[in-house]
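# Residue-level structure breakdown
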Amino acid sequence: PIVSTLTGSITDELRTAEYWVRHVREAVRFHDVIQALERGAVRTYLELGPDSTLSAMAQGCVTEDAAFAPALRRGRSESRTFTSALAQLHVRGAKLDWQAVFAGTGAQRVDLPTYAFQQENYWPRVRSGLVGDVASAGLGTADHPLLGASVALADADGHLFTGRLSLDSHPWLADHAVADTVLLPGTAFVELAVRAGDQVGCSRVEELTLEAPLILPAKGAVQVQVSVGTSDDSGRRAVSLHSRAEDAPLGEPWTRHATGLLAEGGAAESFDLVEWPPAGAEPVPVDGLYEGFAGAGFGYGPVFQGLRAAWRRDGELFAEIALPEESRGEADLFGLHPALLDAALHGVALGGLVEDTGQGRLPFAWSGVSLFAAGASELRVRLVQVSGDAVSLAVADGTGVPVASVELLVLRPFAAEQLAGAGGEESLFRTEWTAAALPSAATLTDAVVLDVDDALGLTGVERFADLDALVAAGAPGTQTIIVPVRPQADPEMAATTRTAVHGALALVQQWLAEEAVADTRLVVVTRGAVATVGTEALDLPPAAVWGLLGSAQSENPGRIVLVDLDEDPASLRALPNAVESGEPQLALRAGAAFAPRLARVPAVAEAEPLVLDPEGTVLVTGATGTLGALF
């Protein structure tokens, strides 16, 4: 079939004159053609033409992984480019007539050497969770694949576990994605709480509430902490789980993901699932279950696709769960492998055990979790509805022997919008002007002012008309050069701003090049260049000068000081103190000093919707690029 750039769809009209007349006159719908091909599962493209122009354009039109092979490239060897294109098509599965390719060359097919272990993998599988010599750091091993070390707190009856999670060290976690975002499964939080309870003699997770999702980045890692508090009169201990990015700067806050209580004494093993499937249970089809999950935004990979069979009986759902063969070797590292327990919850979608809201559900609050046996790789699970959005679980191994029980699990509907800000909560920064301390009664020693009118009125400071006059005088003992910026009035704001910026640039360039003042610092004083609060008005010319000199500061650290004044006389009196403060940038307001500092932008729960006037006009800049095309 042929997809036409005239219609953007498959056509058979190419033999008509009318088609080619329209083809000359009307727009080329190249993007629509590529989209139509992609919808038809085309993932490999061969460009026949004098260059690779269309291949480059097409890469901005696809949303799936695709390969583009131009047969010719301008300025490159024709034979090599064509052969490379054929090779690219070959590795993508295209059927090529290689005999025709090598005709007349004398090439012939030869057998490869025999290989006794064809299609067998003998590379060792590195188990996740291996740690180095933590004892040398004064820590103990945590004996858990999700945790690296543990330590008992010296001044309290508490315990701390630490770990590092990444998709490199724990690749199986990549199989748990929600809305194309890899999340640590809620069952992993339970597993960590159970491990923490074992350490302090609490065999029951009395309650555990998940507060925020833990997003695992595609690159890099997150640090994890599980902290267990002191025991109260009843033997209960608080437990909490926090994380933050491994490369987070010092002082970056930790995100709390879960809190709960650990208790002594677990539930009794009051059930068995030896009879399997249970008498009277009717089979439930499981075909298409994970395809349906994927359509709802829940991308479960092979490790989490553990539900093998299911049965229903009188409000109960029975599910058979198993890890894939290649993952079973890791089951004995866990109390209960999170992927197994997570797959057990998938049966909720089959049994109608919770209210159907049209959204997927994720674990929210666990109560009464007890683990009886560790290391299972196959499960038999009974799920029973407790309320509209809660179930209980009885979990046994592949022979029916009890493994774990959950008295109550509350499931909460999940929307992709809930992930907004979860991975980088308060990770955006902005400049905020904060109060800064100034030295008291500072004096400007060995300072000069470059200003004919001496608008600053500084006492005891020598004045020069400009830098040339200072240099001509020999700049005797000068350490500080103070320059007030007072843009010349001009009817055109643009002209005033341009003049001010050019003047500041010329001054700084001359000052940096002049040997006589090589050891001096330059203090530039402005008015209205910055706004310390949102209600302050800015004056464009000094603001532009401030921006220019901010770049000059970066190139010459420690040599340039920027001070912005208001109209209050107290600010002018505080100028000597500001100059001697050591701060590179200051704003003086009513005599008080404010310095720019980076501050986190608080995460917002939901952005205000943008409402456009349907009768108005919207200007889209850069509309010919990829983003404009998507818009």
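Structure shown above.
Residues numbered from 1 in each chain as written. Predicted model: local features only at pLDDT ≥ 70, side-chain atom pairs only at ≥ 80, totals over all residues. Heavy atoms only, no water.

### Observations concerning unusual backbone geometry
Operational definition: Secondary structure elements are taken from DSSP: a helix is a run of H or I of four residues or more, a strand is a run of E of two residues or more, and numbering for both begins at the N terminus.
Here the bond from W276 into P277 is cis, since omega is -5°, no more than 30 degrees from zero. Within the element layout of this structure, P277 appears in the loop between β12 (255-263) and β13 (282-284). A positive phi angle, close to 55°, is found at A179, a residue other than glycine. Mapping A179 onto the fold places it in the loop between β7 (176-178) and β8 (181-182).

### A closer look at the pairing of strand β6 (residues 159-165)
How we decide: Burial here depends on accessible area, computed with a 1.4 Å probe over protein chains only, as a share of the maximum for the residue type. Under 20% is buried, over 50% is exposed, and the range in between is partly exposed. Pairing between strands is defined by DSSP: at least two bridges between the two strands are required.
For β6, the buried fraction is high: five of the seven residues fall into the buried class. Across four bridges, the pairing between strand β5 (residues 149-152) and β6 is antiparallel. The residue bridging A149 from the neighbouring strand is T162, located in β6. In the sheet, β6 pairs with strand β10 (residues 222-228) via seven bridges, with the strands oriented antiparallel. Its bridge partner being in β10, L165 is matched across the sheet by V222.

### Some words on the pattern of salt bridges
One side chain can pair with another of opposite charge once the charged atoms of both are near each other. The test is simple: In what follows, salt bridge is the name for a side-chain nitrogen of Lys or Arg lying within 4 Å of a carboxyl oxygen of Asp or Glu.
Scanning the model with the defined rule gives 18 salt bridges in all. The shortest N-O distance in the salt bridge between R236 and E206 comes to 2.6 Å. With R236 in the loop between β10 and β11 (237-245) and E206 in strand β9 (residues 204-210), this residue pair connects regions lying 30 residues apart in the sequence. The exposure class assigned to R236 is partly exposed, which follows from its relative accessible area of 31%. Across the pair D451 and R486 runs a salt bridge, and its minimum N-O distance is 2.9 Å. Of this pair, D451 sits in the loop between β22 (447-450) and β23 (462-464) while R486 sits in the loop between β24 (480-484) and α11 (493-513), and the two are 35 residues apart along the sequence. Judged by its relative accessible area of 43%, R486 is partly exposed.

### Some details on the nonpolar core
This is how it is decided: What we call a nonpolar core is a set of buried Ala, Val, Leu, Ile, Met, Phe, Trp, Tyr and Cys residues that are connected through their side-chain atoms within 4.5 Å. Whether two residues are in contact is decided by their heavy atoms: any pair within 4.5 Å suffices.
Ranked by size, the top nonpolar core spans 79 residues in total, and within it L208, V226, L307, I321, W366 and L393 carry the most contacts. For this core, the leading source of residues is helix α6 (residues 186-199), giving seven residues. Each residue touching I321, except ones within four places of it in the same chain, is listed here: G306, L307, L340, A343, A344, E378, L379 and V381. Core analysis: the second largest hydrophobic core is formed by 28 residues, L450, F464, V483 and V545 among them.

### Quick notes on the sheet that holds strand β14 (residues 298-300)
An order of β8-β7-β14 is seen for the three strands of this open sheet, with the pairing classed as antiparallel. Since the sheet does not close on itself, it has two edges, and those belong to β8 and β14, each with one partner.

Shape descriptors only; they carry no functional weight alone.
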